[in-house]
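Results of the structural survey
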Amino acid sequence: MNSDMTELSRAMYDEATSDFLTVQDAVEYLEKEGRMRTLREKLEKFAYGRDLQTVLTEGLMKNHPDLSKDSARKRVRGWLTSDSRSLEKPDAIEVCFILGLSLEEADQLVASIAEEGLHWRSPDEIVYIFALKQGMAYPEARALYEEMGALLKGAREERAPQEDSFTPIIRREVYALQSKEELADYLRQAAPRLGRCHNTAYQLFTEMMEMLKNPQLDEAMAQAEVMDAEKLTIRDILREYFYENNVLYAKELVRESKKKNSRLGESGKRIFTAIEKSISDSWPDEATLSKMKSRKTDVTRKVLILLFLATDAGPDFDEEEEPTRDEVFQDLYQRLNDMLNLCGFSALDPRAPFDWLILYCICVPDMFDVDARMRAMFKTMFGERMEQESE
């Protein structure tokens, strides 16, 4: 467990990893008792006692002279409402400038809001990383971004990442830049190695998808004529490991009920609770996974977590004795967080609905129980589509 957890985070972590909640209890806890982290709380951590409404409103007006005070206040008020939980990443980066954060603080705040820290390989974000390191104000950083616009267009995404195009190498190079001239030269020269998608996440994504599409068979099975039948399509993977019959079907029902509601009134309307919406947001469908495979869109943290759990082989304990439930959990918890950190994503947060659900589902006596618990959670929360066999 993370020793830096707040008292409230620790309480929710303990609740998720206790051995007392049934699946129904867990869903009810999430919906009724869980204290999920709001955007306001994330921002207040870096406000250092300042009045957020005032600081952010004045900052937006300074950054955007055409923005009226009323419009700025309204935008900030929307950020600070009790049920607001996220910002688009570009907005989160701008907030870092408004709050006058250091590069390290900005990376932490962006990670807490966008589920990923500053992306050192992204040509767009390199400019803002440089500006934060140099202590620039946002208007100056934005002007620098516009100045570098032609160079930013030169960056491309490689289908097969080069050995020197991974974040740790790029990070050292970018951090060493001291002047705008050096930044311009770097963006020009390094363009073929930069990209807006995460290389490590993409590599893991392709490896894990391949494991699911082509499961390893023993020699007898591999020689059998039924081998092709064992291969999974993306649709199979969605159904078996992304709980399509629960989450995506529920989202489909919500869309349909909204259409009906616009014509027939409120009766029969199916809506998501705030927790259901948070968990189902950005849930991948067939088109999304295909775009991730072709690098037309970036691999998401949610997809990586679900793939990790679907392909994980379990703990490798040397002890002769059977590992305890806590040992199994701690091993999986650490390896999952290590994977997220390696890909530039934030660790599991017990005060984020999806993460709390994952914590609850992986805290089981045996790895084979993880999938069963997840299926039960999603079925209880979203329901299940019963596919009818054609006659």
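The coordinates are above.
Because the structure is predicted, anything quoted here is derived from the model rather than measured.

We now examine the pattern of salt bridges. One pass over the full model with this rule turns up 21 salt bridges. One salt bridge in this structure joins R142 and E146, with 3.0 Å as the shortest N-O distance. Note that R142 and E146 are positioned in helix α9 (residues 138-147) at a spacing of four residues, about one turn of the helix. Several salt bridges share partner residues, and in doing so they unite D236, R239, E240, D371 and R375 into one network.

The next thing to look at is the layout of surface pockets. Volume-wise, the second largest pocket comes out at about 480 Å³. Contributions of two or more residues to the lining of the second largest pocket are made by α20 (301-311) and α23 (368-382). Broken down by class, the residue content of the lining of the second largest pocket amounts to 14 nonpolar, two polar and four charged.

All of the buried residues in α9 are Y138, A141, L144 and Y145. Looking straight down α9, one finds its buried side chains confined to an arc of 120 degrees; they lie on one side. Residues of α9 that are buried in the fold lie against α4 (52-63), α6 (89-98), α8 (123-133), α10 (149-152) and α12 (180-190).

Attention now goes to the nonpolar core. Counting residues in hydrophobic clusters, the biggest one holds 67 residues, and the most contacted among them are I279, W283 and I358. At eight residues, the largest contribution of residues to this core is made by helix α22 (residues 353-362). Once residues lying within four places of it in the same chain are set aside, the contact partners of I358 are I305, L309, L336, L348 and M374. Among the nonpolar cores identified, the runner-up in size contains 52 residues, and L67, V95, V174 and L177 belong to it.

So, how was this worked out
Residues numbered from 1 in each chain as written. Predicted model: local features only at pLDDT ≥ 70, side-chain atom pairs only at ≥ 80, totals over all residues. Heavy atoms only, no water. Salt bridge = Lys/Arg side-chain N within 4 Å of Asp/Glu carboxyl O. Helix = DSSP H or I, 4+ residues; strand = E, 2+ residues; numbered from the N terminus. 1 Å grid on protein atoms, 1.4 Å probe; cavity = no way out; pocket = protein on both sides within 12 Å on 5 of 7 lines; lining within 4 Å. Points joined across faces, edges and corners; volume = space filled by probe spheres on them. Nonpolar A, V, L, I, M, F, W, Y, C, P; charged D, E, K, R; others polar. Buried < 20%, exposed > 50% of the residue type's maximum accessible area, 1.4 Å probe, protein only. Arc of directions from axis to C-beta. Contact = heavy atoms within 4.5 Å. Core = buried A, V, L, I, M, F, W, Y, C linked by side-chain atoms within 4.5 Å.

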